[in-house]
Amino acid sequence: MKPLEGRIAVVAGATRGAGRGIAMMLGEAGATVYCTGRSVRGRPATGTRPETIEETAELVSARGGRGIAVRVDHTVEAEVAELFERLKREQERLDVLVNDVWGGDELTDFGQPFWKLSPEKGRLMLDRGIYSHILTSRYAVPLMLERDRGLIVEITDGDSFGYRGNLFYDLVKLSVIRLAFSMAWELRRHPITSLAVTPGFLRSEAMLEGFGVTEANWRDATAKEPHFIASETPFYVGRAVAALAADPNVAKKAGRVFSSWQLAKEYGFKDVDGRQPDWGEYFQKTFGRSYSLADEAAYATWSNGLMEIAYPDWPKE
């Protein structure tokens, strides 16, 4: 029996990249995966990108799971609500929610100070990268509460609290980590776990295309970007999420952010090419020092706040 056989998952933002890799690896572990996003056949939603949620669902099924494509704009409340109403009708449960909605690549101007950025692009990035996650969790959690079990995985970029190269990008990716923390606090009386996961240097479809390579010859891209040698496929973070979903003790990780390479060592999985890339180790060797991790010492600064001390039973349910 596969470890996630009989489990029901939603991967919000499953069209491509990490979302597709996660959906496929949940399927490989036996789950039924609702693959949501805006790009459907005949109606691409992200420029000229060819990937669709139908294609992702078919790939999930090909891996041994059951993929179900549902077109959802996760910034539209009515569409999100309908997704989980459908889930309740068809499955009567939800075991895993992965919030991977992003849609900000074309909106991010790295290297520009905030006073030169487009406010319109920035607001759209916040809507897509933060509001969509909040909205999706708001409608998913009541379905988990009916069975008093579940896992919420927030997909971010980076396992530190450090600056990320663009004000809006930084705000989105750090806010996603904070969302996992805050939701874990409010869910602390229930066996529903909220946490965040980051991939390393991701060899997504768009990244490969940008470097003019394919998965077969991806190493050729190191001529342009030497750090690409430490990259990983979207399946690596997918196996990280699948391992978390199968872990009966995952609640011990509530509220924290974890990396694909950290989880690979803990759970013993490898990328689909047989490698076990470690971005943190590569960074330390390359730059001669490690960056500041979002470890327990860092998270200690988020604990024992005013609300936690003065109103320990907050929020009231």
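Presented here is a report on the structure given in the accompanying data block.

Rules and cut-offs
- Residues numbered from 1 in each chain as written.
- Predicted model: local features only at pLDDT ≥ 70, side-chain atom pairs only at ≥ 80, totals over all residues.
- Heavy atoms only, no water.
- Helix = DSSP H or I, 4+ residues; strand = E, 2+ residues; numbered from the N terminus.
- Rg over C-alpha atoms; globule rule 2.2 N^0.38 Å.
- Contact = heavy atoms within 4.5 Å.
- Patch = residues over 30% accessible without salt bridge, like charges linked within 9 Å, V, L, I, M, F, W, Y side chains within 5 Å.
- Areas by Shrake-Rupley, 256 points an atom, 1.4 Å probe, with all protein chains shown as cover.
- Salt bridge = Lys/Arg side-chain N within 4 Å of Asp/Glu carboxyl O.
- Axes fitted to C-alpha atoms, helices over the stretch in contact; angles between N-to-C directions.
- Parallel < 35°, antiparallel > 145°, perpendicular 65-115°, else oblique.
- Left-handed = near helix turned anticlockwise from the far one by under 90°.
- Nonpolar A, V, L, I, M, F, W, Y, C, P; charged D, E, K, R; others polar.
- Expected span 1.5 Å × (residues − 1).
- Buried < 20%, exposed > 50% of the residue type's maximum accessible area, 1.4 Å probe, protein only.
- Arc of directions from axis to C-beta.
- Phe/Tyr/Trp six-rings, centres within 6.5 Å; stacked < 30°, edge-to-face > 60°.
- Pairing = 2+ DSSP bridges.
- Right-handed = clockwise from strand over helix to strand, strands pointing away.

Overview of the overall build of the protein chain
Part 1: A tally of regular secondary structure across the protein chain gives 11 helices and 7 strands.
Part 2: Whereas a compact globule of 317 residues would reach a radius of gyration of roughly 20 Å, the protein chain reaches 19 Å, a difference of no more than 12%.
Part 3: Over its C-alpha atoms, taken along the principal directions, the protein chain stretches across nearly 55 × 45 × 45 Å.
Part 4: Here the analysis covers contacts within the protein chain between residues at least 6 apart in sequence; of these, 71% occur between residues at least 24 apart.

Quick word on the environment of Trp218
Part 1: The topology assignment puts Trp218 in the loop between helix H6 (205–211) and helix H7 (234–246).
Part 2: Residues Trp218 and Arg49, 169 residues apart in the sequence, show an inter-C-alpha distance of 19 Å.
Part 3: Aside from chain neighbours lying at most four places away, what touches Trp218 is Arg203, Leu208, Val213, Phe228, Ile229, Ser231 and Arg275.

So, a nonpolar patch on the surface
Part 1: Taken together, Phe114, Trp115 and Leu167 make up a surface patch of nonpolar side chains, about 380 Å² in accessible area.
Part 2: Tracing the sequence through the fold places Leu167 in helix H5 (residues 167–186).

Examining the packing of H7 against helix H8 (residues 260–267)
Part 1: Close contact between H7 and H8 brings their axes to 9 Å; oriented N to C, the two are set at 55 degrees. The orientation of H7 with respect to H8, classified from their angle, is oblique. The handedness of the crossing between H7 and H8 is left-handed. When H7 is examined against H8, the residues Tyr236, Val237, Ala240, Ala243 and Leu244 are found in contact with a partner set consisting of Ser260, Trp261, Leu263, Ala264 and Tyr267.
Part 2: Residues that form the contact of H7 with H8 fall into these classes: 9 nonpolar, 1 polar and no charged.

With respect to helix H3 (residues 77–90)
Part 1: If you check H3, its first and last C-alpha atoms are 20 Å apart, about what 14 residues at 1.5 Å a residue would give, namely 20 Å.
Part 2: Among the residues making up H3, those that are buried are Val80, Ala81, Leu83, Phe84 and Leu87. Considered in projection along H3, the buried side chains sweep an arc of 150 degrees and stay on one side of the axis. Relative to its buried face, H3 has exposed residues pointing more than 90 degrees away, namely Ala78 and Arg89.
Part 3: Along its buried surface, H3 packs onto strand E1 (8–12), strand E2 (32–37), strand E3 (66–71), strand E4 (96–99) and helix H4 (119–147).

Some words on the packing of aromatic side chains
Part 1: Using the criterion set out here, one finds 17 aromatic pairs in the structure.
Part 2: Between Phe114 and Trp115, the aromatic rings sit 5.1 Å apart at their centres with planes inclined by 85 degrees, giving edge-to-face as the arrangement. Per residue, the accessibility class of Phe114 equals that of Trp115, and both read exposed.
Part 3: Ring plane angle 35 degrees and centroid distance 4.6 Å describe the contact between Phe283 and Phe287, whose orientation is recorded as tilted. On the criterion of helical spacing, the pair formed by Phe283 and Phe287 is a turn pair, its members being 4 residues apart in helix H9 (residues 279–287).
Part 4: For Phe283, a relative accessible area of 21% translates into the label partly exposed.

With respect to the pairing of strand E5 (residues 150–155)
Part 1: Burial of E5 is extensive: 6 of the 6 residues sit out of reach of the surface.
Part 2: Burial along E5 is two-sided: the residues Gly150, Ile152 and Glu154 and Leu151, Val153 and Ile155 are all buried.
Part 3: Taken together, the 4 bridges between E4 and E5 define a ladder with parallel strand orientation. Note on E5: the bridge partner recorded for Val96 is Leu151.
Part 4: Handedness of the E4-H4-E5 crossover: right-handed.
Part 5: Sheet analysis places E5 next to strand E6 (residues 192–198), joined by 6 bridges and oriented parallel. Bridge assignment links Ile152 to a residue of E6, and that residue is Ser194.
Part 6: Crossover handedness for the path E5 to H5 to E6: right-handed.

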